[in-house]
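Residues per chain are reported as follows:
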2 protein chains.
Amino acid sequence: MKAETIAVGSELLLGQISNTNAQIISKALQKIGIDVFYHTCVGDNEERIKQVFKIAMERSDIIIFTGGLGPTMDDLTKETVASFLNLPLVLDESSLKKIKSYFDKRGRTMTQNNYKQALIPEGSEPIMNKNGTAPGVLLKFCGKIIIMLPGPPFEMEPMLMESVIPYLSKLSQKTIFSRVLKFYGIGESLLEEKIKDLIIIQSNPTIAPLAKMGEVTLRITAKAQDLETAEKMIQPIEKEIKDRVGEYFYGYDEERIEEIVAKMLISSKTTISIAESCTGGLLAHKLTDIPGISDVFDRCIVSYSNKSKQELLRVKAETIEKHGAVSEKAAAEMAEGIRILSGTDIGVSITGIAGPGGGTQEKPVGLVYIGFADLRNTIVEEYLFNGCRDVIKHRAANAALHMIRRMLETTG
Amino acid sequence: MKAETIAVGSELLLGQISNTNAQIISKALQKIGIDVFYHTCVGDNEERIKQVFKIAMERSDIIIFTGGLGPTMDDLTKETVASFLNLPLVLDESSLKKIKSYFDKRGRTMTQNNYKQALIPEGSEPIMNKNGTAPGVLLKFCGKIIIMLPGPPFEMEPMLMESVIPYLSKLSQKTIFSRVLKFYGIGESLLEEKIKDLIIIQSNPTIAPLAKMGEVTLRITAKAQDLETAEKMIQPIEKEIKDRVGEYFYGYDEERIEEIVAKMLISSKTTISIAESCTGGLLAHKLTDIPGISDVFDRCIVSYSNKSKQELLRVKAETIEKHGAVSEKAAAEMAEGIRILSGTDIGVSITGIAGPGGGTQEKPVGLVYIGFADLRNTIVEEYLFNGCRDVIKHRAANAALHMIRRMLETTG
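Rules of the game
Residues numbered from 1 in each chain as written. Chains lettered and ligands numbered in written order. Predicted model: local features only at pLDDT ≥ 70, side-chain atom pairs only at ≥ 80, totals over all residues. Axes fitted to C-alpha atoms, helices over the stretch in contact; angles between N-to-C directions. Helix = DSSP H or I, 4+ residues; strand = E, 2+ residues; numbered from the N terminus. Parallel < 35°, antiparallel > 145°, perpendicular 65-115°, else oblique. Left-handed = near helix turned anticlockwise from the far one by under 90°. Contact = placed C-beta atoms within 7 Å. Nonpolar A, V, L, I, M, F, W, Y, C, P; charged D, E, K, R; others polar. Pairing = 2+ DSSP bridges. Domains from an automatic or database assignment. Expected span 1.5 Å × (residues − 1). Bend = angle between axes of the 7 residues up to and from the residue. Buried ≥ 20, exposed ≤ 12 C-beta atoms within 10 Å, placed from the backbone. Core = buried A, V, L, I, M, F, W, Y, C linked by C-beta atoms within 7 Å.

### Looking at the packing of helix 3 (residues 46-59) of chain B against helix 4 (residues 77-84) of chain B
Residues and elements named next belong to chain B.
Alright, step 1. The interhelical angle for the contact between helix 3 and helix 4, taken along N-to-C directions, is 60 degrees, at an axis separation of 10 Å. One finds that helix 3 runs oblique with respect to helix 4. Pair helix 3 / helix 4 crosses with right-handed handedness. Judged by residue contacts, E46, I49, K50 and F53 of helix 3 engage T77, T80, V81 and F84 from helix 4.
Alright, step 2. Tallied by class, the residues present in the contact of helix 3 with helix 4 amount to 4 nonpolar, 2 polar and 2 charged.

### Concerning the interface of chain B and chain A
Alright, step 1. Each partner contributes to the interface: chain B provides 62 residues, whereas chain A provides 64 residues.
Alright, step 2. In terms of residue class, the side of chain B that touches chain A is made up of 24 nonpolar, 27 polar and 11 charged.
Alright, step 3. Direction of pairing for strand 2 (residues 35-42) of chain A relative to strand 2 (residues 35-42) of chain B: antiparallel, over a ladder of 5 bridges. Pairing of H39 of chain A across the sheet is with C41 of chain B, part of strand 2 of chain B.

### Brief notes about the domain arrangement of chain A
Alright, step 1. We note that the domain assignment places domain 1 (2-171), domain 2 (175-252) and domain 3 (257-411) within chain A.
Alright, step 2. Distance between the C-alpha centres of domain 1 of chain A and domain 2 of chain A: 36 Å.

### Examining the sheet that holds strand 9 (residues 175-184) of chain A
Residues and elements named next belong to chain A.
Alright, step 1. Taking strand neighbours across the sheet as the criterion, the 4 strands line up as 10-11-9-12 in an open arrangement whose pairing is antiparallel. The open sheet has two free edges, formed respectively by strand 10 (206-212) and strand 12 (249-252), since each of these has just one partner strand. Strand-to-strand twist across the sheet, computed as the mean angle between neighbouring axes with direction ignored, equals 25 degrees.

### Regarding helix 8 (residues 227-245) of chain A
Side chains that are three or four residues apart share a direction in an α-helix, a result of its 3.6 residues per turn.
Residue and element names in this part refer to chain A.
Alright, step 1. In this model helix 8 runs 27 Å from its N-terminal to its C-terminal C-alpha over 19 residues, within 8% of the 27 Å that 1.5 Å per residue would give.
Alright, step 2. In helix 8, a bend of some 25 degrees at Q235 exceeds every other bend along the element, and P236, a proline, comes one to four places later.
Alright, step 3. Turning to helix 8, its buried residues number three or more, namely A230, I237 and I241.
Alright, step 4. Where helix 8 is buried, its residues touch strand 9, helix 7 (188-201), strand 10 and strand 11 (215-224).

### Notes on unusual backbone geometry
With glycine set apart, most residues show a phi of negative sign, and most peptide bonds adopt trans.
All names here are of chain A.
Alright, step 1. Put simply, N204 and P205 share a cis peptide bond, and its omega is 0 degrees.
Alright, step 2. In this structure, P205 sits in the loop between helix 7 and strand 10.
Alright, step 3. Residue P356 is reached from G355 by a cis peptide bond, and omega for that bond is 0 degrees.
Alright, step 4. Mapped onto the fold, P356 is located in the loop between strand 15 (346-352) and strand 16 (367-373).
Alright, step 5. With a phi close to 50 degrees, K269 is a non-glycine residue in the positive phi region.

### Here's the deal with the pairing of strand 7 (residues 136-141) of chain B
Residue and element names in this part refer to chain B.
Alright, step 1. With 3 bridges joining them, strand 6 (residues 125-127) and strand 7 adopt antiparallel strand pairing. What sits directly across from I127, in strand 7, is G136.
Alright, step 2. Relative to strand 8 (residues 144-149), strand 7 runs antiparallel, the two sharing 5 bridges. Opposite F141, over in strand 8, you have K144 as the bridge partner.
Alright, step 3. In textbook terms, the turn of a hairpin is the stretch between consecutive antiparallel strands, and for strand 7 and strand 8 this stretch comprises 2 residues, one of which, C142, has a positive phi near 50 degrees.

### Brief notes about the nonpolar core
Alright, step 1. Counting residues in hydrophobic clusters, the biggest one holds 125 residues, and the most contacted among them are A400 of chain A together with A400 of chain B.
Alright, step 2. Ranked by residue count, the leading element in this core is helix 14 (residues 389-411) of chain A, at 9 residues.
Alright, step 3. Sequence-distant contacts of A400 of chain B, defined by excluding residues within four places in its chain, comprise L283, V348, I350 and I370 of chain B.
Alright, step 4. Residues Y38 and I49 of chain A together with I25 and L149 of chain B belong to the second largest nonpolar core, which totals 82 residues.

### Some remarks on the sheet that holds strand 17 (residues 378-384) of chain B
Alright, step 1. Strands sit in the order 17(A)-16(A)-15(A)-13(A)-14(A)-14(B)-13(B)-15(B)-16(B)-17(B) across an open sheet of 10 strands; the sheet is mixed. Two strands lie at the open edges of the sheet, namely strand 17 (378-384) of chain A together with strand 17 of chain B, each paired on one side alone. With direction set aside, neighbouring strand axes in the sheet form an average angle of 10 degrees.
Alright, step 2. Two strands pair when backbone bridges link them, and strand 14 (residues 297-303) of chain A and strand 14 (residues 297-303) of chain B are joined in this way by 5 bridges, in the antiparallel orientation. Bridge assignment links C300 of chain A to a residue of strand 14 of chain B, and that residue is V302 of chain B.
Alright, step 3. Across the face of the sheet, helix 14 (residues 328-342) of chain B comes into contact with strand 13 (272-276), strand 14, strand 15 (346-352), strand 16 (367-373) and strand 17 of chain B while running at roughly 145 degrees to strand 15 of chain B.

Encoded structure:
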């Protein structure tokens, strides 16, 4: 079965809000094996809503509207759908009762335009809305299923999950299960090169690559009669992929790299201190987003000035003079300095040029050194990142997190 | 002129990401007086992209694609548009050079599928992408303007703002001019209450309130034939609003509070150092996002452990024992300590409980003390923030920035 979503509301087209309802609906339908092929947003305009609805009726089996069910003149979804299908709007007594009691409870008088909310197209069923006054609508028409839900996500989502999904899952025969594998240190094109044959021969499960800031993901999706079968179908593909590019693999699904690193540090009781220059505290900020990190994270010094590098991290004046503050040697001394001064198991440092100014031919904007010191060793890696100031800061902090992960894996 | 956006990518239809690009584009087009009538999302499927493109060509003058410009087989936008319009794809030498140099710089080999990114439909112009390898495309065809931009927002947005909007604004005849007034320290409903009569009587300019995390904005929008007239129409409304709630006003439009504070520090040559606890480096990260801050920002110490507070900031053991690390006294000592140790004009401190653990009846999650020390005085403010760990971190860092602004205004 093919589904699509239509969001109605001029505020979407003015860019005041983003159509997050489409994402919520897609995720939920995907889990019960219903393919979503299109999302559309259209304004509060009868003619344009009609045209969009006509297109949807021609290409989809299930059409889910969000928005345009409110009491104002702007709210046109039910009226337009009913008029397009030549259905009269009829009063739903149960909905009217609910709206009345909503106003009674608050000691407010129900205005005339609130009656409008209790009207639904003839032959349809109301969907209960426990967080607002507008009921939803479920309408079967010529083999199509048309669903109308309110726009505010906190009203829409419970109605979707408690009424719409249970109804639709009975109609869907299949389950879809996805697993996302996350990679770092390999480009999207090289990764695809290495598993191209797998992508081509696979139709169920499918494999789809996606690049995000500095990382690449592969989504493996299987369709089956039940969850267990779908999960089992994914296993051999996942193994084959890991055999080929496993060295770049670092995590599954929504897991963020700072979460992975924080868990590794906490579970191994490895204490950490950080010295940052160009990232300005971002690495410490990312790590301290994870609850429980205070057990192992001792301190971070953001040594922006050269003076502070010398005073707080014991970076030698000679090092800065001879090699510069952005150098392999400075990164090494920063990592060692912070580790020894704070008495932690490991010390991590970042020094680089975030731009837009400060770059030279020899040391361009984006050049970053990341240092890692433990009891035995100090290792420094050199990176060259693309992008503007905040992108370089994020890429450098992420690179440091991935370096910590690798080092902990090797030494642990 | 009517515009619409088409986002290409199965990850949107699977609900993995939300189509935030449509919002960014709509906002930008609205400002230059171009109406956006539809947003569509479609998967990585040639047939369906073609159908969606055909519908768009029939109803819109400007069509802006996002996504599907990458190097993999899944990336089909350029190929599908070119094939639908019967245009061959030709190699753009300047784009190829950029892609090559990207790989050269990193010592990586360019794979065959990266060549694909340098192909553009015959007769079109490439749009430079400074944050990635895929160039955008600008194509004029039979009176329509077709624009293709990459999917990742951090690549798409600079290309939109720096290339597409300047180009389209020349074509637009109408001007819409908006000014956003930003307020801090007043709730949305109270603000609205105070200017309700203005909102009701205004139709051009209009006034629209919007609440974001910890701040409220008012957007004043005027439509006119030219920019100068629109700007003039806004002035009396702006003055009236400031007369009523000016004490909470802090800035205009997209200006972030960290930008305002950084500018104040740089222009007055006021040097600053920071001591953070619960915000974990976020305040320093925000400030260091602003180019030029290195002239005045000396260092930040993220003193997560009590030991580091004593060692690095000279917080007294007695203070921590008697009042706790989250206390007015600890905040004062942190601000004074960092200021004296780094020899800067001002020292700022944050200590609090970000949660989810660590809260007590007396000191609940969300309790935060912010200290400000200069040569003459030390001032500490107490806050209680709502929200989860990362929201509390952001609210605390923003509160510190607003406090710095107020202090600089008073003392400056």
